[in-house]
Amino acid sequence: MKENLLAITLCLASATAFGQGQALNGQVLDAAGRPVIGATVVEKGTNNGTATGGDGRFTLRARTASPRLVISSIGYSAQEVEGGGEQISVRLAEATTSLGAVQVVGSRSQNRSVTDSPSPVDIIDLREVTTKTGQLDVNQLLQFVAPSFNSNRQTGSDGADHVDPATLRGLGPDQTLVLVNGKRQHQSALVNLFGTRGRGNTGTDLNVIPAASIERIEILRDGAAAQYGSDAIAGVINIVLKSSVKELTANVNYGAYDAKYRRDDKKFDGGNFNANVNYGVGIGDKGGFINATLDYNQREHTQRANVPAPDGLARREYGDPQISNASAYINSKFALSDKAHIYVFGGGNKRKGDAYAWTRFAGDDRNVPAIYPNGFDPIITSDIVDASGVVGVHTALGSWELDLSNNFGSNRFHYGVKNTLNASLGASSPTSFDAGGFQLQQDVVSLGLTRNYKTVLQGLNVAAGAEWRREWYSLFAGEEASYRNYDPTVTGGSQGFPGFQPSDVIKADRDNFGAYVDAELSVTQRWLLAAALRYEHYSDFGSTLNYKASTRFNLTEFLTLRGTYSTGFRAPSLAQINFNSTFTNFINGTPVEVLLARNNSAVTQKLGIPSLKQETSNSANIGLTSRIGSSLSLTLDGYYIKVKDRVVLTTQFSADDPVIGPDLQALNVDQAQFFANAADTRSLGLDVVLNHTATLGEGRLNSTLAANFNHLRIDRVRTSGRLAGREDDFFGPREQAFVKASAPPSKINLTFDYQVGRFGTLVRFVRFDKLTLIDWNGDPMKYDSRITTDLTVNYALTNHLQLIVGSSNLFNRYPTLFDPQLTETGGAWDPVQMGSNGRFYFAKLQARF
């Protein structure tokens, strides 16, 4: 408690310094004269800005002699006004024209703002977040500002070390759909095999999109498969790219961890350097633009192996991977007329990773002492190339708005292994290998039509459309020495990560066709009804029909009730259907060869593992939004999500299993596991967001309490074939614990953000709830709850230059320690929400012209 009080004191101490210049006061209202809460007010050409309070009012101290203010809010057209005068009054019009339309995920109505959506939507302003937090990539930014979002960094997890899995409301990474500017983003080619998060799932790699290119992120916390198609069981994340013009922003960031568990004497590790630049130019006089971003990020290893270990260290190298990430993104519109434009957006990302694998100690029979007298620590490398591009046209056809687009995306993941060997080659073994990899590609053609009937009751919006999608998945082999055994008396293949074999190689594709219709009817000024219906047909597993119904009712001017009910589905990914590999796992520190056999292979058919089918869901959301007084707002949303036939990784069956053991022995593998529709789950939860704005001295204090409470239960385990009736063997307690760990009981964020003149401070407390996993002995590992504290101080050096310094996890909190011999990853912790790197110090220099 004393530590937390100290942090608050540091935060508020900056209130003693006041900026120079004219004090600007005003109020922002909508067309009906109601206050617009949370509107962004920025002094043009500077990094000086604020937000409106619960009564729509704002106070801002100008930094220029003749200030001009740019005022904007989600769902409204931005306005630019003179900053002079005693009181500034602004009325924002709703964005209703095609060139001024604002995408608010969850609705296809261009007359709908986020404040009157029937579904809960979070709007995260990336300009604000990146100014006031130490995190640099999108996953970690969201992890600490959106309670229903969870993302872990993993170690010793093969590909998942290089691609962070992320979830909404405790479901799988592949049960959240990601859009960019409202268009479906392709998934990663990676299947997560180890760790606590995303086990057996594919997902979308959010970190390929640089935060510097993003204007805002919209998170729809509601089932939306009927609106957007497969993967939207948990919700939708829509990333809206920047469209600003005549504004140059550049950032240089550096931070490092205050290491606690290193073997050497270094004080800091995990250095993280980022530099980016963003600039937009206007084209013509009809709103056209090109906005471009370049971004580079270099993250060094962390080392957390030096922990109390009763049975000795399982690994000498344990910590975050080294990652270099280079990205280039554009967003553009080219006006053809007042009612038509062409849009083009997308970009490329190249990532190179360097991750620790498990140690081979000197006496290990997989070591060759002539090469490594003291044993060795293999390193798994990655070469990931991700690219996407969207081109489309938006135009008016009479009273209808038409949108036609084509969207192509590709993710290629290529493994390497270094500081290793193939023991079956003896002293002549090379020490680095090409281990092969996989690629996923997607092409989407979509057509959408919308129309607003203003004379039907209080307004009717109708939308309809169709989408054709083609996907390709390929798995390619590594070099021969990465997988071949040249001496049957020892284990062959590259240690740390055996290469993919020719028998693993596959090329697969499928087609999908979808058609949808949805409508939103304002029955009265206070009552909204909405419904959506979607049909999908996949060439590899058939058809599905899903629906959604929503309503929103304004009880009073300050209290609104909303609710939804929907059905949903998720098609198993091509990677889940076609992935095949033989890899090395460590159980109690002992290496075993594990076969992960692809679905529909001769092996799975012989064992009676059925073909994968779609996951289905039923979900409901009921909530309220309220403005309590002039400066306090509250949203409460309770949800229920039932998922049937979840695709998971089964328990690993051993070669001495009485039923399938002989078949595994014939394949010369110690253990085997499979993808199967093995679990039915049920989630109950509550999202709470409470915002308060107050004037404190000459500054403004924004306080936010945001929380997610979640309970996931596994209702049923489904077995089949020769393994029927063996639920605890098929998907046992250990694997069930991994699924439940993706749905922590709660995450609570409490944030105080104070700005006065050129100074600003932010203090954030995040409470990560307890988790229970199961170790290799079958005993529970109970991770206690933890509270981390973040502190940031920012100061405007000039009108265009700002310095930000701070610390994440200020008081150096770590998860509960366990025996490294018994965890999944071989370290003192399995990956849990709060991370295991400790205190992080950072500094940022931001320029805006």
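Structural notes, computed from the coordinates.

Conventions we followed
Think of each chain on its own: its residues are numbered from 1, step by step along the sequence as written. Predicted model: local features are reported for residues with pLDDT of at least 70 only, side-chain atom pairs are reported and counted for 80 or more only, and whole-chain, interface and lining totals are derived from all residues. Water and hydrogen atoms were dropped before computing side-chain values, which therefore reflect all heavy atoms in the structure. Paired rings are identified among Phe, Tyr and Trp, the last through its six-membered ring, by centres lying within 6.5 Å, and are further divided according to the angle between planes into stacked (under 30 degrees), edge-to-face (over 60) and tilted (the rest). By definition, any uninterrupted DSSP run of H or I lasting at least four residues is a helix, any uninterrupted run of E lasting at least two residues is a strand, and each is numbered from the N terminus. Three labels apply to residues, based on accessible area from a 1.4 Å probe with only protein chains included: buried if under 20% of the type maximum, exposed if over 50%, partly exposed otherwise in between. Only lysine NZ and arginine CZ atoms are considered, and such an atom sits over a ring when it is within 6 Å of the ring centre and within 35 degrees of the ring normal. Throughout, a residue-residue contact means that at least one pair of heavy atoms, one from each residue, lies within 4.5 Å. Pairs of N or O atoms are called polar contacts if they sit within 3.5 Å, as long as, within protein, a hydrogen donor faces a hydrogen acceptor (for residues adjacent in sequence, only side-chain-to-side-chain pairs). Being paired, for any two strands, means DSSP has found at least two bridges between them.

The full count for this structure, using the stated rule, is 26 aromatic pairs. Look at Y257 and F840: their rings are 4.8 Å apart centre to centre, the planes differ by 50°, and that puts the pair in the tilted class. Of this pair, Y257 sits in strand 15 (residues 247-258) while F840 is found in strand 42 (residues 840-848), placing the two residues 583 residues apart along the sequence. Taken individually, Y257 and F840 each receive the classification buried, so the pair is uniform in this respect. With a centroid separation of 6.1 Å and an interplanar angle of 70°, the aromatic rings of F438 and F579 are classed as edge-to-face. Of the two residues, F438 sits in strand 22 (residues 432-453) while F579 sits in the loop between helix 6 (574-578) and strand 28 (581-587), which places them 141 residues apart along the sequence. Using a relative accessible area of 1% as the deciding quantity, one classes F438 as buried. The structure contains a cluster of three or more aromatic residues connected by ring pairs, namely F413, Y415, F438, F497, F500 and F579. Its guanidinium or amino end placed over the ring of Y639, R169 lies 3.8 Å from that ring's centre, counting from NZ or CZ. Sitting above the plane of the W776 ring, R734 keeps its charged end 3.8 Å from the centroid.

Examined against the element boundaries, D729 turns out to sit in helix 9 (residues 727-730). The exposure class of D729 is partly exposed, given its relative accessible area of 36%. For D729, the residues in contact, after removing those within four places along its chain, are T651 and F653. A distance of 3.0 Å separates the side chain of D729 from the side chain of R726, its partner in a polar contact.

Put simply, side chains in a regular strand alternate between the two faces of the sheet. The buried fraction of strand 11 (residues 176-180) amounts to five of the five residues, a majority that puts the element mostly inside the structure. Where burial is concerned, the two faces of strand 11 agree: the one with T176, V178 and V180 and the one with L177 and L179 are both buried. Of the pairings in the sheet, the one linking strand 11 to strand 14 (residues 235-241) comprises five bridges and is parallel in character. By the bridge assignment for strand 14, V178 is matched with I237.

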